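Observations on the model geometry
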Amino acid sequence: GIQVEQSPPDLILQEGANSTLRCNFSDSVNNLQWFHQNPWGQLINLFYIPSGTKQNGRLSATTVATERYSLLYISSSQTTDSGVYFCAVSTGNQFYFGTGTSLTVIP
Amino acid sequence: NAGVTQTPKFQVLKTGQSMTLQCAQDMNHNSMYWYRQDPGMGLRLIYYSASEGTTDKGEVPNGYNVSRLNKREFSLRLESAAPSQTSVYFCASSPPRQGLWPQHFGDGTRLSIL
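Residues numbered from 1 in each chain as written. Chains lettered and ligands numbered in written order. Predicted model: local features only at pLDDT ≥ 70, side-chain atom pairs only at ≥ 80, totals over all residues. Heavy atoms only, no water.

Right, let's talk about the overall build of chain B for a bit. Counting its secondary structure elements, chain B contains 0 helices and 11 strands. Helices and strands appear in chain B in the N-to-C order β-β-β-β-β-β-β-β-β-β-β. The C-alpha atoms of chain B give a radius of gyration of 13 Å, which matches the 13 Å a tight globule of 114 residues would have. Taking the principal axes of its C-alpha atoms as reference, chain B extends roughly 40 × 25 × 25 Å. Across the 114 residues of chain B, 50% fall into the buried class. For chain B, the exposed area adds up to about 5200 Å²; of that, 50% sits on carbon and sulfur atoms. When the 11 basic and 8 acidic side-chain charges of chain B are each reduced to a single mean position, those positions are 2 Å apart. (Helix = DSSP H or I, 4+ residues; strand = E, 2+ residues; numbered from the N terminus. Rg over C-alpha atoms; globule rule 2.2 N^0.38 Å. Buried < 20%, exposed > 50% of the residue type's maximum accessible area, 1.4 Å probe, protein only. Areas by Shrake-Rupley, 256 points an atom, 1.4 Å probe, with all protein chains shown as cover. Lys, Arg positive; Asp, Glu negative; His and termini not counted. Charge placed at Lys NZ, Arg CZ, Asp CG, Glu CD.)

Here it is, written out as structure tokens:
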């Protein structure tokens, strides 16, 4: 299967700081999603972004499919941004998740 | 709210017992999926169903069976539970073209096997 690596594994930020999370994948994909798993365990769709750039409020994401990576940007972080961020990729039938970046935002 | 509903939310089993986890979606999605999430790890695909009447193995299918009862419902069965199956189980669905559209997840079932 496809290997998905996320970095950094852990991140601690002061409220208001910006951050960049990275997702590298080992093969060509036709689907890439970013999820936020909140402290209650719920998985929230952030972006469906197989290529290009998208923005949603303080969050934005860029996928460079030819170079097999995606970036998630969080600006002006808030305590509610805490949780684990997962990248998931698919080649068609199966999805492969990274092990996530655990983000803690301190007031 | 429309979405993916999983039942039960929590369950404790003894080794060797059987159990069926239920999943239903009301978004008219064709594809449905079962994942497990172990501590400190991402989700791993157990089984998926591209459409009503079809099911296929994912990355970690051993010890599980599935049934796509109709377009709305996709169940996961543990025939003889083992402690290694202690995990959080997530069901997901996606629109017509499997793998090419975003997935939507249920809230998970926390399963402990003693």
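Turning to the pattern of salt bridges, a few remarks are in order. All names here are of chain B. This model, assessed by the stated rule, comprises 4 salt bridges over all chains. Note that Asp38 and Arg36 form a salt bridge whose closest N and O atoms lie 3.0 Å from each other. A single burial state applies to Asp38 and to Arg36, both of which are buried. A salt bridge links Glu79 to Arg77; the nearest nitrogen and oxygen atoms lie 3.1 Å apart. Counted as one network, the salt bridges with shared partners bring together Arg36, Asp38 and Arg44. (Salt bridge = Lys/Arg side-chain N within 4 Å of Asp/Glu carboxyl O.)

This part takes up the sheet that holds strand E6 (residues 52–56) of chain A. Residue and element names in this part refer to chain A. Read across the open sheet, the 5 strands follow the order E1-E3-E8-E7-E6; overall the sheet is antiparallel. Of all the strands in the sheet, just strand E1 (4–7) and E6 have a single pairing partner and so form its edges. Recorded for the sheet is a direction-independent mean angle of 15° between the axes of neighbouring strands. Note that E1 and strand E3 (residues 19–25) share 4 bridges and pair antiparallel. Within the sheet, the bridge partner assigned to Gln6 lies in E3 and is Cys23. (Pairing = 2+ DSSP bridges. Axes fitted to C-alpha atoms, helices over the stretch in contact; angles between N-to-C directions.)

Bringing the interface of chain B and chain A into the picture now. With 23 residues of chain B in contact, the opposing surface of chain A contributes 21 residues. Across the chain B/chain A interface, buried area totals approximately 1800 Å², and carbon plus sulfur atoms make up 51% of it. In this structure, the connection of chain B to chain A is made through 0 salt bridges. The interface formed by chain B and chain A holds 6 residue pairs in polar contact (both at pLDDT 80 or more) in total. Elements with a minimum of two residues in the side of chain B that touches chain A: strand E4 (31–37), strand E5 (43–49) and strand E10 (104–105) of chain B. Of the residues assigned to the side of chain B that touches chain A, the class counts are 11 nonpolar, 8 polar and 4 charged. (Contact = heavy atoms within 4.5 Å. Buried area = accessible area lost by both parts, 1.4 Å probe. Polar contact = N/O pair within 3.5 Å; in protein donor to acceptor, adjacent residues only side chain to side chain. Nonpolar A, V, L, I, M, F, W, Y, C, P; charged D, E, K, R; others polar.)

Residues and elements named next belong to chain B. Judged by pairing direction, the sheet is antiparallel, and its 4 strands sit side by side in the order E1-E3-E8-E7 without closing on themselves. A strand with exactly one partner marks an edge of an open sheet, and here the two such strands are strand E1 (4–7) and strand E7 (65–68). For this sheet the average axis-to-axis angle between neighbouring strands, irrespective of direction, equals 15°. Sheet topology places E7 next to strand E8 (residues 74–78); 4 bridges connect them, and they run antiparallel.

On inspection of all chains with the given rule, the structure shows 2 disulfides over all chains. Disulfide partner of Cys23 of chain A: Cys87 of chain A, at an S-S distance of 2.0 Å. Because the torsion about its S-S bond is -55°, the bridge between Cys23 of chain A and Cys87 of chain A counts as left-handed. With a gap of 64 residues between them, Cys23 of chain A in strand E3 and Cys87 of chain A in strand E9 (residues 83–90) connect regions that are remote in the sequence. Note on accessibility: Cys23 of chain A and Cys87 of chain A belong to one class, buried. Through a disulfide, Cys23 of chain B is tied to Cys91 of chain B; the S-S separation comes to 1.9 Å. In this structure, the disulfide formed by Cys23 of chain B and Cys91 of chain B twists by about -75° around the S-S bond and is classed as left-handed. In this pair, Cys23 of chain B is assigned in strand E3 (residues 19–25) and Cys91 of chain B in strand E9 (residues 87–94), connecting sequence segments 68 residues apart. This pair shows no difference in class: Cys23 of chain B is buried, exactly as Cys91 of chain B is. (Disulfide = S-S within 2.5 Å.)

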